[in-house]
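Topology and contacts: notes
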Amino acid sequence: MRIHLHAFWLSLAAATTFASPSISADLSITCRCVEGGVNSELAAWVKKSVIPGFTKMKGDGVKVTLTEFAGSDEQLTQQLALDFSTGAGPDVAGFDGFLIPSFVEGGLLKPLDELAGDAVTKWDGWSHITEGAKALMSYQGKPYGLSLGTDVRVIFVRADLLKEAGIDPAAWQPKSWAELLDAARKLKAKKPDSFPLQINAGVPMGEATTMQGYWMALLGTGEQVTDDKGRYIVSSQGILDTLNLYKTVYVDEKLGDQRAQLLGDGRNRTFANFRDGKTAMLLESDWFYRSVTAPGSEFAVENRDQVVTWAKMPAKEPGKGIRGQDFVTISGGTGFVLNPNTDEKELAWELLAFMNSKEQLAEFQKYEPRIRIRDDVEIADAPFLAETSQALMPLTTARPNDAKYNAVSAEVQRMTEAVVSGELSPEDAMSRYRDAVIRIVGEENTVSLL
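Rules of the game
- Residues numbered from 1 in each chain as written.
- Predicted model: local features only at pLDDT ≥ 70, side-chain atom pairs only at ≥ 80, totals over all residues.
- Heavy atoms only, no water.
- Helix = DSSP H or I, 4+ residues; strand = E, 2+ residues; numbered from the N terminus.
- Rg over C-alpha atoms; globule rule 2.2 N^0.38 Å.
- Buried < 20%, exposed > 50% of the residue type's maximum accessible area, 1.4 Å probe, protein only.
- Contact = heavy atoms within 4.5 Å.
- Areas by Shrake-Rupley, 256 points an atom, 1.4 Å probe, with all protein chains shown as cover.
- Lys, Arg positive; Asp, Glu negative; His and termini not counted.
- Charge placed at Lys NZ, Arg CZ, Asp CG, Glu CD.
- Pairing = 2+ DSSP bridges.
- Axes fitted to C-alpha atoms, helices over the stretch in contact; angles between N-to-C directions.
- Polar contact = N/O pair within 3.5 Å; in protein donor to acceptor, adjacent residues only side chain to side chain.
- Phe/Tyr/Trp six-rings, centres within 6.5 Å; stacked < 30°, edge-to-face > 60°.
- Salt bridge = Lys/Arg side-chain N within 4 Å of Asp/Glu carboxyl O.
- Disulfide = S-S within 2.5 Å.
- Arc of directions from axis to C-beta.

A short note on the overall build of the protein chain
In terms of helices and strands, the protein chain carries 18 helices and 18 strands. In terms of C-alpha radius of gyration, the protein chain reaches 23 Å, essentially the compact-globule figure of 22 Å for 450 residues. The dimensions of the protein chain, computed from C-alpha atoms along their principal axes, are 75 × 55 × 35 Å. Classification of the 450 residues of the protein chain by burial places 58% in the buried group. For the protein chain, contacts bridging at least 24 residues in sequence account for 73% of all contacts bridging at least 6. Carbon together with sulfur atoms contributes 49% to the accessible area of the protein chain, which is approximately 18,200 Å² in total. Where the 47 positive side-chain charges of the protein chain centre and where its 61 negative ones centre are 2 Å apart.

Encoded structure:
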């Protein structure tokens, strides 16, 4: 974030223009991305396309560096909270949209237009971003960042393992939790030392537990984390059904890798289980296809497009899902925000806008095809992403845009861990969750459905 002005008058550039190329400036980007490691494609795109393209456009006086963060999402969140609170950190930071409300309420983020003025409001990219996509990185109607895209969640399936267990993967689409569990039991009978079904749980997996695991089951009961009035549901039959599903999978029948839910690196262990054929059915976002199992990655699946397929997550019973649906999913959005302490606000915004230009996002598709935030960027040569987005985007929902959600989500993780570890019964875990959420949001902002 160092900047050196050749002359004082350069700092008086009009607010409607980007920073003058005659300014010598150092900009930094941080994201959870490591070339050859986690989110390798993101790191490669930033280093090989974004940075060269931006510096060519701005001139030799502008330098941009990428800090590749190899830790967990939660560790990056903690680091950014510390940095933003002390005036440190990168100019542009990778960020999960669900964190924005809590950061805003904590005074750690500012709206884009407050930082960079008219340059933000007049950006031509907004005309290619729907209100729903814009909302992924917004709070109370104001955008605080830009999402690189959105996603959906599915059951990833090892077709080769289903075949070995006598299940036709081409015809397999469970229509209920009972059918999902029946398939897991057949797989377990075929390979007793396997963990056929993976539904994220526990504290170490962080938001992946809440979104990839808990939400995907809870939606199948017809409920969400909040009701239609925005109140947090703290006791309900849907919560109990979800926790009993966890208990069946991890405690009663050992259909999943219980230990993985409790380890610091447990999520990577589940990825390895899927890669190595120990897990046949894994609930994850399409990021798992785009990045985790991509050729050349640590958890790449050999002959992936021949042995890996997908299925929709069924409701507990047909028609019992949210909005009366037979199948459910949930979408999120990760992208980048601006550090409110950046010394060069307009230049940082110009970098963020450049990253989200049609040309740069189209270039990113060559590294990692996905559902992009802009409607003028196509998904090319990615049948999996085209199929899943077409089938599931009409069924999707999103997390509540609430400053307290992050803290509530942490209690969801504790609740699932208590059940999966065998520490508490579903009833006792829900009771503890109820008390914790009431302390967080106030009893008037909660509701009990039992």
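After that view, the rundown keeps rolling.
Some points on the pairing of strand β9 (residues 153-158)
Across the six residues of β9, six count as buried, placing the element largely inside the fold. Taken together, the five bridges between β9 and strand β12 (residues 281-285) define a ladder with antiparallel strand orientation. Across the sheet, the residue bridging to Val 154 is Glu 284, located in β12. Alignment of β9 against strand β13 (residues 308-311), held across four bridges, turns out to be antiparallel. Note that in β13 the partner of Phe 156 across the bridge is Trp 310.

Let's talk about the sheet that holds β13
In spatial order, the strands read β10-β12-β9-β13; together these four strands make up an open sheet with mixed pairing. With one partner strand each, in any of the chains shown, β10 (197-198) and β13 form the two edges of the open sheet. Two strands pair when backbone bridges link them, and β10 and β12 are joined in this way by two bridges, in the parallel orientation. Bridge pairing in β12 links Leu 197 to Met 281. Helix α8 (residues 177-190) contacts β9, β10 and β12 of the sheet and is inclined by roughly 130° relative to β12.

Details of the side chain of Gln 173
Relative to the helices and strands, Gln 173 resides in the loop between α7 (159-164) and α8. Reaching out from Gln 173, the side chain makes a polar contact with the backbone nitrogen of Lys 312 at a distance of 2.8 Å. Ignoring anything within four residues of it in the chain, the contact list for Gln 173 reads Glu 179, Ala 311, Lys 312 and Phe 327.

Let's talk about the packing of aromatic side chains
In the structure shown here, the tally under the stated rule is 15 aromatic pairs. With a centroid separation of 5.6 Å and 65° between ring planes, the pair formed by Phe 271 and Phe 299 is classed as edge-to-face. Taken as a pair, Phe 271 in helix α11 (residues 266-275) and Phe 299 in the loop between α12 (287-292) and α13 (304-307) lie far apart in primary sequence, 28 residues in all. The burial state of Phe 271 is the same as that of Phe 299; both residues are buried.

Regarding the pattern of salt bridges
One side chain can pair with another of opposite charge once the charged atoms of both are near each other. Using the criterion set out here, one finds 26 salt bridges in the structure. Between Glu 253 and Arg 185 there is a salt bridge whose closest N-O contact spans 2.7 Å. Residue Glu 253 is located in the loop between α10 (237-252) and α11, and its partner Arg 185 is located in helix α8; the two are separated by 68 residues in the primary sequence. For Glu 253, a relative accessible area of 30% gives the class partly exposed. Here Arg 185 falls in the partly exposed class, since its relative accessible area comes to 36%. Its salt-bridge partner being Asp 305, residue Arg 304 comes within 3.3 Å of it at the nearest N-O pair. Overall, Asp 305 belongs to the exposed group, its relative accessible area being 52%.

Description of the state of the cysteines
In total, this model carries one disulfide according to the counting rule given. Here Cys 31 engages in a disulfide with Cys 33; their sulfurs sit 2.0 Å apart. For the disulfide bridge between Cys 31 and Cys 33, the dihedral angle about the S-S bond is near 65°, and by the sign convention the bridge is right-handed. Here the two residues Cys 31 and Cys 33 agree in accessibility, since each one is buried.

A look at helix α15 (residues 358-367)
Considered for burial, the residues of α15 that qualify are Gln 360, Leu 361, Phe 364 and Gln 365. Down the axis of α15, the smallest arc covering the buried residues is 155°, so these residues share one side. Across α15 from its buried face, at more than 90 degrees, point the exposed residues Glu 359 and Lys 366. Of the surrounding elements, those touching the buried residues of α15 are α1 (40-58), α14 (345-355) and β17 (371-372).

Quick notes on the side chain of Thr 150
Within the fold, Thr 150 resides in strand β8 (residues 149-150). By relative accessible area, which is 11% here, Thr 150 ends up buried.

Things to note about the environment of Gln 237
Structurally, Gln 237 can be placed in helix α10. As for Gln 237 and Thr 221, which are separated by 16 residues in sequence, their C-alpha atoms are 8.2 Å apart. In this structure, Gln 237 is in contact with Glu 223 and Leu 450, ignoring residues within four places of it in sequence.

Describing helix α16 (residues 383-392)
Among all positions in α16, only Phe 384, Leu 385, Thr 388, Ser 389 and Leu 392 are buried. Seen from one end, α16 has its buried residues packed into an arc of 115°, which puts them on one side. Relative to its buried face, α16 has exposed residues pointing more than 90 degrees away, namely Pro 383 and Gln 390.

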